[in-house]
Amino acid sequence: MAITTPNMIILERPTDASFGKTMNEMRSWLDSKKIEPTYFKPVTRYNGMVFEISFRNSDEAELFEREFVY
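Residues numbered from 1 in each chain as written. Predicted model: local features only at pLDDT ≥ 70, side-chain atom pairs only at ≥ 80, totals over all residues. Heavy atoms only, no water.

Caption draft 1: Spatial organisation of the overall build of the protein chain. Each helix and strand counted, the protein chain has two helices and three strands in total. For the protein chain, the N- to C-terminal ordering of α and β elements is β-α-β-β-α. The C-alpha atoms of the protein chain give a radius of gyration of 12 Å, which matches the 11 Å a tight globule of 70 residues would have. Projected onto its principal axes, the C-alpha positions of the protein chain cover 30 × 25 × 20 Å. Counting every position in the protein chain, which comprises 70 residues, the buried fraction comes to 33%. Contacts in the protein chain between residues at least 24 apart in sequence constitute 65% of all its contacts with a sequence separation of at least 6. Carbon and sulfur atoms make up 51% of the accessible area of the protein chain, which amounts to about 4,900 Å² in all. The distance from the centre of the 9 positive side-chain charges to the centre of the 11 negative ones in the protein chain is 3 Å. (Helix = DSSP H or I, 4+ residues; strand = E, 2+ residues; numbered from the N terminus. Rg over C-alpha atoms; globule rule 2.2 N^0.38 Å. Buried < 20%, exposed > 50% of the residue type's maximum accessible area, 1.4 Å probe, protein only. Contact = heavy atoms within 4.5 Å. Areas by Shrake-Rupley, 256 points an atom, 1.4 Å probe, with all protein chains shown as cover. Lys, Arg positive; Asp, Glu negative; His and termini not counted. Charge placed at Lys NZ, Arg CZ, Asp CG, Glu CD.)

Caption draft 2: View of helix α2 (residues 58–68). Three or more residues of α2 are buried, namely E60, A61, F64 and F68. Taken around the axis of α2, the buried residues stretch over an arc of 100°, which confines them to a single face. Exposed residues pointing more than 90 degrees away from the buried face of α2 are listed as D59 and R66. Looking at the buried positions of α2, the neighbouring elements they touch are β1 (8–14), α1 (19–33) and β3 (48–54). Capping of α2 at its N-terminal end is provided by N57; its side-chain oxygen lies 3.1 Å from the backbone amide nitrogen of D59. (Arc of directions from axis to C-beta. Polar contact = N/O pair within 3.5 Å; in protein donor to acceptor, adjacent residues only side chain to side chain.)

Caption draft 3: How the structure looks around the pattern of salt bridges. As enumerated under the stated definition, the model contains two salt bridges in all. Note that R27 is salt-bridged to D31, the shortest N-O span being 3.0 Å. With R27 and D31 both in helix α1, this residue pair falls four residues apart, about one helical turn. Of the residues examined, R27 reaches a relative accessible area of 33% and is grouped as partly exposed. Accessibility expressed as a relative area gives 45% for D31, which makes it partly exposed. Residues R27 and E36 are paired through a salt bridge, measuring 3.6 Å at the closest nitrogen-oxygen approach. Shared partners join several salt bridges into a network, and the residues in it are R27, D31 and E36. (Salt bridge = Lys/Arg side-chain N within 4 Å of Asp/Glu carboxyl O.)

Here is the structure:
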């Protein structure tokens, strides 16, 4: 289990999701918003991928969450 901080987002994707496509989508979005995560860790699990991503503040975390967490 990950230790989360107030500004950490846990993004989960199923096993059939493309790692490269997911990374490209996140990177393009982050670049367009000029947001640089303070922590980023991809983890592969038996049922998919998990990305642990922390941000400088809650505004950045909330923007990212609205765009990617579903």
